Amino acid sequence: MENMISVPMKARVDVPLEGEISRSLPDQMGNVAGAHSAELHQRLLETGGRMDSMGPLKKVYVFWLPGMSCDGCSVSTIGATEPSIEELLTGALPGVPVMILHHYQFQMESGDHFTHLLEQADAGALDAPYIIVYEGSIPDENLTVGTEPWAAKGSLPLWAPADQRQRRSTSEWVRRLAPEAAVTIAIGTCATWGGIPASLGNPTGAISMMDFLGKDYRSALGLPVVNVPGCPPIGDDFTETVTLLLKFMNGQGPLPDFDELGRPAWQFGETVHLHCPRGAWYEEGNFAREFGGKECLAEIGCWGPVVNCHITERGFINGKGGCMVAGGACIGCMSPGFPDKFTPFYKRPPQTTPATTLSRMHGALTKPLRRTTQLERNREPRWKSDATSGWAPQYDNVTLFHRSFEYFYTRIQYFRSELPGRNEKDEEKYASGYVVPPEAAYGKHYAQWLPERRAEEARKRGTYQRPGLSPQADGFETPVQDDQE
Amino acid sequence: MCFQNLPIEFDALGNARLKEGLDPYAYQTRDLDRSKVEKLLASNGHVKDINLDPVTRVAGALSFHTVVDLEAGKVLEAHSIATLFRGYEVILKGRDPRDAMFISSRVCGVCGGVHSVASSLAMEMAFGIGVPPMGGALRNIQLALDFMVDNPVHLYLLAGPDYSQVVIERTNPSLWEAAKKTETRHGDVHGFKTMAELFTALNPLTGKLYLEGLQMTRPAKEAYAILYGKYPHPQTVVPGGLSTTVSLQVLNETQLRIIRTLDYAKRGVFIWDDITEFFYDADSRYQQIGTRPKNLIDTGMWDDPYAYDGTYAGAPEWGERRWATPGVIIDGELVTTNLHHINMGMEEFVEHSYYDGWEDDGVPFRTDPAGNPIGPNHPWNKETKPRSDQRNWKDRYTWSTAPRWDRQVVEAGAYARLWTTAAAAKMPHTRFLQATGTSVKIDTPQTAALPAMEFEWKIPETWNAFERNRARAYHIVYSLMVAYENVQIAFDLMGQGENKAATMTEFRVPRNERVGVGFWGAGRGFLTHHLVMDKGVLTNYQIVTPSTFNASPADPFGQPGPYEEAVVNTPILEEFDSGDTFTGIDIFRAIRSFDPCMPCTVHIANGRDMIMQDVTTCACGAA
Ligand code: SF4
Ligand code: SF4
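A quick note: this is a predicted structure, and the numbers were derived from the prediction, not measured.

Parameters and conventions
Residues numbered from 1 in each chain as written. Chains lettered and ligands numbered in written order. Predicted model: local features only at pLDDT ≥ 70, side-chain atom pairs only at ≥ 80, totals over all residues. Heavy atoms only, no water. Pairing = 2+ DSSP bridges. Helix = DSSP H or I, 4+ residues; strand = E, 2+ residues; numbered from the N terminus. Axes fitted to C-alpha atoms, helices over the stretch in contact; angles between N-to-C directions. Contact = heavy atoms within 4.5 Å. Near = heavy atom within 4 Å. Nonpolar A, V, L, I, M, F, W, Y, C, P; charged D, E, K, R; others polar. Buried area = accessible area lost by both parts, 1.4 Å probe. Salt bridge = Lys/Arg side-chain N within 4 Å of Asp/Glu carboxyl O. Polar contact = N/O pair within 3.5 Å; in protein donor to acceptor, adjacent residues only side chain to side chain. pLDDT = per-residue confidence, 0-100. Parallel < 35°, antiparallel > 145°, perpendicular 65-115°, else oblique. 1 Å grid on protein atoms, 1.4 Å probe; cavity = no way out; pocket = protein on both sides within 12 Å on 5 of 7 lines; lining within 4 Å. Points joined across faces, edges and corners; volume = space filled by probe spheres on them. Phe/Tyr/Trp six-rings, centres within 6.5 Å; stacked < 30°, edge-to-face > 60°. Lys NZ or Arg CZ within 6 Å of the ring centre and 35° of its normal.

A. Geometry of the sheet that holds strand 4 (residues 62-69) of chain B. Residue and element names in this part refer to chain B. As summarised here, the arrangement of the three strands in space is 3-4-5, forming an open sheet in which the pairing is antiparallel. Sheet topology places strand 3 (47-52) and strand 5 (74-82) at the edges, where each strand pairs with a single neighbour. In this sheet, neighbouring strand axes are inclined to one another by 10° on average, regardless of whether the strands run parallel or antiparallel. Taken strand by strand, helix 1 (residues 35-43) contacts strand 3, strand 4 and strand 5, and its axis lies near 110° from that of strand 3.

The following block contains the structure:
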């Protein structure tokens, strides 16, 4: 079934619904704290002396509007730590105006008292600029004219004249508030691209914020919609972007970079594959055959190589987690086209087999060479035969092949440079004057004359040899000359 | 076990069969009568018609309509309204079943992981696959961590502010005076000397407990992200287990975070004990806030990794071996712990919701896979046909459907899980947790700030908003101890070289007709995913979430949903001079005590007259 997108820019204007009888406000119903959250917020900050933002803006209202969302973006955001939401709310960050958040999960007040601030923004009556953040996709309310909207948030305040009391669809709020917003931010894949509510077969005609506001939309600051995608988004991606924008608005920083789809460019500039901890498995041609394997997940359906995302670099929360880090294949949740461009999930993407075949071939060459070198490198130079490990007495029994490999390898490695312990000025290397018995430290294969000689010199002069001192402090006037040759 | 209202009887062996009759499941619809309320409204100034749109500090889109008699301090009528519809069940139709884990997870972002797991359980049943023990253990940890986020967020960020200084001072000045003089009972544990101090700590933005609610949920989210990639929508849930790469590092980091949050959880129990007791002492009528009959339902959760086999036939056995026992409580009595009975008794009604009925579409399934009878309103037979309409209190007024069990109004919640577990006393795991028949006992080890402690949650004598919140505080400790036990199991399995967490990778999705159901739990309780698949794609997908039960409108028998019932039973104890200063705090406390979550409450859709499944309201509202 094709998407039913119709007349996106003109959301319907509601008519009062029948069945809603007398309301006799204004009154205090729903205003449980006796003041709206924004007022409480302001009061707390003023008494706590936190309103100095080092710039022209003391505060910025942030309206968080939920459309057809699952609330996952909000949940992600309250987990963020770079910065955390409470730092933004309480003025803990110098240079960043305090964020007065208007969010249905945080407000003290309900009902008309909740929508009051939205109304004020609509009427241009706020005392500071505002940002709108939209979570969830936008349904086509043309399909519900005269009946219950797909997604509604609030009615017009009850102190409005009776014939204007209406149910307000969320898209109606967006239509009214977006033109005057300093910045309009779409958070999460539903809001940025459409996401699951807009996927094939949906009954509500859902679209994204960008589609809804159109190509020509510009916020009061002249910016098109800023998109922070993800299903769910990384909380830090959002709070970081908001912080930078707030700093910019306050004259404390540059306008952040956005890419051609309005995404923060430093976050979404590269594919998630580039930072994936399994990337090197891919490069060596090792692919997980079953769930839980530690190799690259390409062949169980990972879309990482073609999806713009950086969860493998940032982690999901506090630097921890991330899809492929934990073992989940990328399903492209940050990408336009999610989910339909990436389903069926766990079916190998078409480009995968050619690509993984090539990397298998590459791996077939590099792997044996690397493993041989690894065997040699993974040893102390003084372990000429077995290692002293009690865990595996026969640890890596070195064969003649390895010895000759090592011989030539070392020649190449030190070609035109100095192999330690051969012709060099040893006293410079062992300048620290440690007192470990040379036998124990080096084994018999290494030149042992220097520490012993130094000990002898020290004894001769009657000085005690202490660790960590320069040769001079040990009583050497001049560096000891190499007299062994 | 017997059903009171459904036409099902049991023979001596306990096998269910349909009672004789032409159309045994038929029912008579009773009209909702508003004439009394309307008359009162028209003639009395102190009777107020109040529309709360939206209700804040709940997850998702909820609005509420009540008629209150301010003079008598009584609520005359209440309507719970889910104001969001997204059509998930419609979107799922025709898709590869494996996509359902990811798509259904997005039904609710407050507890997304529970939906992916319920979905994978349904698929395991349909595909006929099991889960290796490591997968079972990790799944248990996952959901326990989920609750360590969900429940504190509710207690301290959503419901908590209703008990904060700013609110109490405004709505009940005399209570605030009392709070200043009352010493807390457990000040030595949580550090607040007087109740006033405790209430101040619940203040939004500045209160210590409020900020802790933000901060202390982060370690749990970290552990969740370590094991499952992302929170709230996990990336590693697959049919047959998890695709997590398990290592000792992963287990260590998880266990550390569980222990770190345990300290916090232990403290929370004393805080909510003190709040509850303070209100009861101040005015015993607080025991009536949000009260309703003791009818609760739960599917149980946290499978015994060695008992769960993924079959429908085995459900009664593996169900009873869960860390939380499935069950239904009617009038305070446990009537069953059998998952088959729970499934058989389920029906969803849409008489007062914006959906069309599906009676013309035939009844695809007369019985479940075990041969038990199921009715035309059972999720396996239901179709989701959304039809937006005008709001009318006598007719249709919400996007939420009305699920019922045995045609009775039952409520779901984290507390229902504790209740059924306690009453059944069948929970077999006793290292830290024990069900006694009247209580659950939780042994906790020593943690950074608090010594080893034993907690006991007793089945409460009265059932109200305060008991719901208090039980939720116990539930956090309970879930963390389940997680702790399961990390130990995972460590043991690692020691045995058993680190495989999923059955297989190469699925052959069956081509013939299959049905499956996932019985699982969300932060707010009861959750089922029913699926029907054919030719390798889903042909019907139905989600019943806890908030669909709780936020449901009236059913065709005229019985209001649990929120509505609880609000109608709530006495108005607020102190106000006139109608103009009335805030309705008691009503809010009643509603919020359910931890409403609307995103998943509503998940209906309809495509060109095809009937689609609809998701009812869950903690997350409308799907
Ligand atoms: S797991 Fe995915 S993102 Fe990571 S290396 Fe493999 S293909 Fe790339
Ligand atoms: S790796 Fe893929 S699935 Fe994971 S967050 Fe990024 S885009 Fe989404």
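B. Main features of the site of ligand 1. Near ligand 1 the following residues occur: His-273, Cys-276, Arg-278, Gly-279, Tyr-282, Cys-296, Leu-297, Ala-298, Cys-302, Gly-304, Pro-305 and Met-324 of chain A. Split by residue class, the shell around ligand 1 holds eight nonpolar, three polar and one charged.

C. Structural context of the interface of chain A and chain B. Contact with chain A, which involves 101 residues of that partner, is made by 103 residues of chain B. Buried area between chain A and chain B, both sides added, is near 8,000 Å², and the carbon and sulfur share of it is 59%. Summed over the shared surface of chain A and chain B, the result is four salt bridges. Residues Lys-500 of chain B and Glu-290 of chain A are paired through a salt bridge, measuring 3.5 Å at the closest nitrogen-oxygen approach. Run the count over chain A and chain B and you get 29 residue pairs in polar contact (both at pLDDT 80 or more). Of all elements in the fold, only helix 1 (37-48), helix 2 (72-79), helix 3 (85-89), helix 4 (111-122), strand 4 (152-155) and helix 12 (323-326) of chain A reach the threshold of two or more residues within the side of chain A that touches chain B. For the side of chain A that touches chain B, the element with the most residues is helix 2 of chain A, which contributes five residues. The class makeup of the residues in the side of chain A that touches chain B is 45 nonpolar, 38 polar and 18 charged.

D. Broad picture of the confidence of the model for chain B. Residues and elements named next belong to chain B. Per-chain confidence: chain B averages 86 in pLDDT, with 95% of residues scoring 70 or above. Throughout residues 603-623 the model reports pLDDT below 50, and contacts reaching past four residues in sequence, or to other chains, amount to 173 contacts. Listed scores for the predicted complex are pTM 0.86 and ipTM 0.89.

E. How the structure looks around the packing of helix 13 (residues 352-377) of chain A against helix 14 (residues 400-413) of chain A. Residue and element names in this part refer to chain A. Where helix 13 contacts helix 14, the two axes come as close as 10 Å, and the packing angle between them is 85°. For the element pair helix 13 / helix 14, the angle class is roughly perpendicular. Packed against helix 13, whose contacting residues are Thr-372, Thr-373, Leu-375, Glu-376 and Arg-377, the element helix 14 presents Phe-401, His-402, Phe-405, Glu-406, Tyr-409, Thr-410 and Gln-413 at the interface. The class makeup of the residues in the contact of helix 13 with helix 14 is four nonpolar, five polar and three charged.

F. Structural view of the layout of surface pockets. Residue and element names in this part refer to chain B. Estimates place the volume of the second largest pocket at around 460 Å³. Residue lining of the second largest pocket: 21 residues in total, with Leu-32, Asp-33, Leu-76, Glu-77 and Gly-558 positioned closest to the centre. In terms of residue count, strand 5 provides more of the lining of the second largest pocket than any other element does, four residues in total. Residues that form the lining of the second largest pocket fall into these classes: 10 nonpolar, three polar and eight charged.

G. A look at the packing of aromatic side chains. Summed over the entire model, instances satisfying the criterion amount to 44 aromatic pairs over all chains. Between the aromatic rings of Tyr-407 of chain A and Phe-408 of chain A, the centroid separation amounts to 5.3 Å while the plane-to-plane angle is 80°, which identifies the pairing as edge-to-face. Counting every residue linked through ring pairs, the aromatic cluster contains Tyr-156, Tyr-163, Phe-199, Tyr-264, Trp-272, Phe-278, Phe-279, Tyr-280, Tyr-286 and Phe-466 of chain B. In this structure, Arg-417 of chain B packs its charged tip against the face of Trp-302 of chain B, placed 5.9 Å from the ring centre. Over the ring of Phe-594 of chain B we find Arg-468 of chain B; its NZ or CZ atom is 4.0 Å from the centre of that ring.

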